[in-house]
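# Structural characterization, general
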Amino acid sequence: MFALIESCRSAWESIIAHGFRSILTMLGIIIGVASVIAVISLVQGLRQSIMAEFQGLGTNSFTVRSYTPLEERLKGRQAYLTPRDLQAIQERVDGIVSMTPVLALGGGHLVRYGNTTALSQIQGTTFSYQDVAQNFAEYGRFITAQDDRKRRRVAVLGAKTAKDLGLPENPVGTYIEVGGEWVKVIGLMESRGEILGFSQDEFVLMPYETVRSMNGAQKKPDLFIQLTAADADSLPELTERIARVLRRSHDLSVNQPNDFRIETSEQMAQSFDNIINTVTIIIGGIVGISLLVGGIGIMNIMLVTVTERTREIGICKALGARRSNILAQFLIEALALSLLGGLIGLVLGYGLGALIAALIPDFPPAAVPWWAVVLAIGFSGLIGVVFGILPASKAADLDPIDALRYE
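Residues numbered from 1 in each chain as written. Predicted model: local features only at pLDDT ≥ 70, side-chain atom pairs only at ≥ 80, totals over all residues. Heavy atoms only, no water.

Quick look at a positive patch on the surface now. Side chains of Arg84, Arg92, Lys220, Arg244 and Arg248 sit close together on the surface and give a patch of like positive charge. At the level of secondary structure, the elements contributing two or more residues to the positive patch comprise α4 (83–92) and α9 (235–249). If you trace the backbone, Arg244 turns up in helix α9. A relative accessible area of 46% means that Arg244 is categorised as partly exposed. (Patch = residues over 30% accessible without salt bridge, like charges linked within 9 Å, V, L, I, M, F, W, Y side chains within 5 Å. Areas by Shrake-Rupley, 256 points an atom, 1.4 Å probe, with all protein chains shown as cover. Salt bridge = Lys/Arg side-chain N within 4 Å of Asp/Glu carboxyl O. Lys, Arg positive; Asp, Glu negative; His and termini not counted. Charge placed at Lys NZ, Arg CZ, Asp CG, Glu CD. Helix = DSSP H or I, 4+ residues; strand = E, 2+ residues; numbered from the N terminus. Buried < 20%, exposed > 50% of the residue type's maximum accessible area, 1.4 Å probe, protein only.)

What follows is the structure, given as C-alpha cells:
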C-alpha cells in the first residue's frame, strides 16, 4: 500500500512539475470528451423534451391511419380511411372514450388575412380533438358538435399561424380566408412550441363536416383517426378488434396485409427513442475518435518522459525499486493525466452543450445522463491505461546499469 501511495505522489509531482506539457498532453482527451458530452447533452435534451410530449398524450391514446407500401404507391395505388371506416369503428368497437377524425383540406395550405398570406395545415376535426390531443383553447372556444353538424365556417388557430397572419393577441371574432371562403376565428389554441425545428402551432382547425363539404365529392377523403381508450390495459385487445373491423370494411383476404396502421403513443415514443439512441451512438462514436488521438498524444509524451527520466529510473532501481514499482508509477501518471483531462472535458462539454441549446431558439435545455458521465470518465481511464502501458513497460524494463550510464 505504501508503494502505491508513493507511486501516486511521484506521478502527481511529475504532472505539476511539467504543468504546461501536462496540459498539452491532456488537450486531446479534453477536446474528445467535451465534444462527446456536448453532442450527447443536446441529443438527450431533445429526447427528454419529445418524450414529455408523448407522455402528455397519455398511455391510453392511439391513432389509426391509412398505409400504402412504397411499391404500391409507385404503381399508382393509394389506401384510404373513409367516413365509412369511422362509422364502422364507432358502431362495432366498445371501450373507446373519445374518438375524432382528422381530415385535411384539399387544394393547398394557404390562409389569408388582409394582405398577409401564410402556409398552414388546414384540417377538419370534431369537438373531441382537444381531449384526445390534450390541447385546449387559450382564447375563445373550441369547435362544438353544433358547429360540425351545421357545417359552420369557423376555425380555431394555432399560435404560429395567428402570428404569421399578423392577427391580434386575441384573434377571436376576426375573419380569415381559407380555401377561397371566409371563415370566422372562434378560438386560439395554447402554444406547444417546436419539435426538431418544426412548429406544433402551425395549423387551422375547422369542423370536420365543414371541411368535407369544402372538399366536395371529387376528392376521396383519407382520414386520420385519433382515439382514447377507456383503459390502457385493454389497448392490445382494442387494437385487434379495430384491425378486424377495418379488414372486413376493406374486404381484405387472409393473405393480404393491412392497408392501415394502428399506433399507440407508447409505440411511437419507443420508436422515436430507438432512433434517438441510434443517432446518439453513431454521432458519439464518430466524435469519440478524437479520444483515440488524445490517447496517442499521451503515449507519445509518456515515451518522451521515460527517456528524460532514464537516470532517475536507474537510481530508483539501484536503491531497490522493483519492476512493479516503476511500472505502477508511470502507469498511474498516464492514468492521472487521462482522468484529469476527462473531468475537465466533462465540465467544458456540458457548458458547451448548454450554451448551444441556449443560442438555438426554442431548443430544449441540454441534459447529460448519468451513463454519459460514467462512459466519459471510464473511457478516459481506459485510454490512459491502454496508451500508458507501453511507456510504463519500457521504463520498468530498463537495465539499472545502462540507465545510470545514460547521458
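Where nonpolar side chains cluster on the molecular surface, the patch consists of Ile289, Leu292, Phe379, Leu382 and Val386 and spans about 420 Å² of accessible area. Counting residues per element, the ones that place at least two in the nonpolar patch are α11 (289–308) and α14 (370–396). No other element matches α14, which puts three residues into the nonpolar patch. Among the secondary structure elements, Leu292 is positioned in helix α11. Leu292 gets classed as partly exposed once you look at its relative accessible area, which sits at 41%.

Time to look at the packing of aromatic side chains. For the structure on display, the rule yields one aromatic pair. When the centroid spacing of 6.0 Å and the interplanar angle of 10° are considered together, the rings of Tyr129 and Phe142 count as stacked. Of this pair, Tyr129 sits in helix α5 (residues 129–133) while Phe142 sits in the loop between β6 (137–140) and α6 (145–149), placing them 13 residues apart in sequence. Note on Tyr129: relative accessible area 8%, which makes it buried. With relative accessibility at 5%, the residue Phe142 sits in the buried group. A cation over an aromatic ring shows up here: Arg261 above the ring of Tyr67, its NZ or CZ 3.8 Å from the ring centre. (Phe/Tyr/Trp six-rings, centres within 6.5 Å; stacked < 30°, edge-to-face > 60°. Lys NZ or Arg CZ within 6 Å of the ring centre and 35° of its normal.)

The next thing to look at is the confidence of the model for the protein. Should pLDDT be low for a region, the predicted coordinates there are not to be read in detail. Per-residue confidence for the protein gives a mean pLDDT of 78; residues scoring 70 or more make up 75%. Taken element by element, the protein is modelled with least confidence in helix α15 (residues 400–405), mean pLDDT 54, and with most confidence in strand β7 (residues 154–157), mean pLDDT 92. (pLDDT = per-residue confidence, 0-100.)

What follows is about helix α8 (residues 208–215). In terms of burial, α8 is a largely internal element, six of the eight residues being buried. Within α8 the residues assigned to the buried category are Tyr208, Glu209, Thr210, Val211, Met214 and Asn215.

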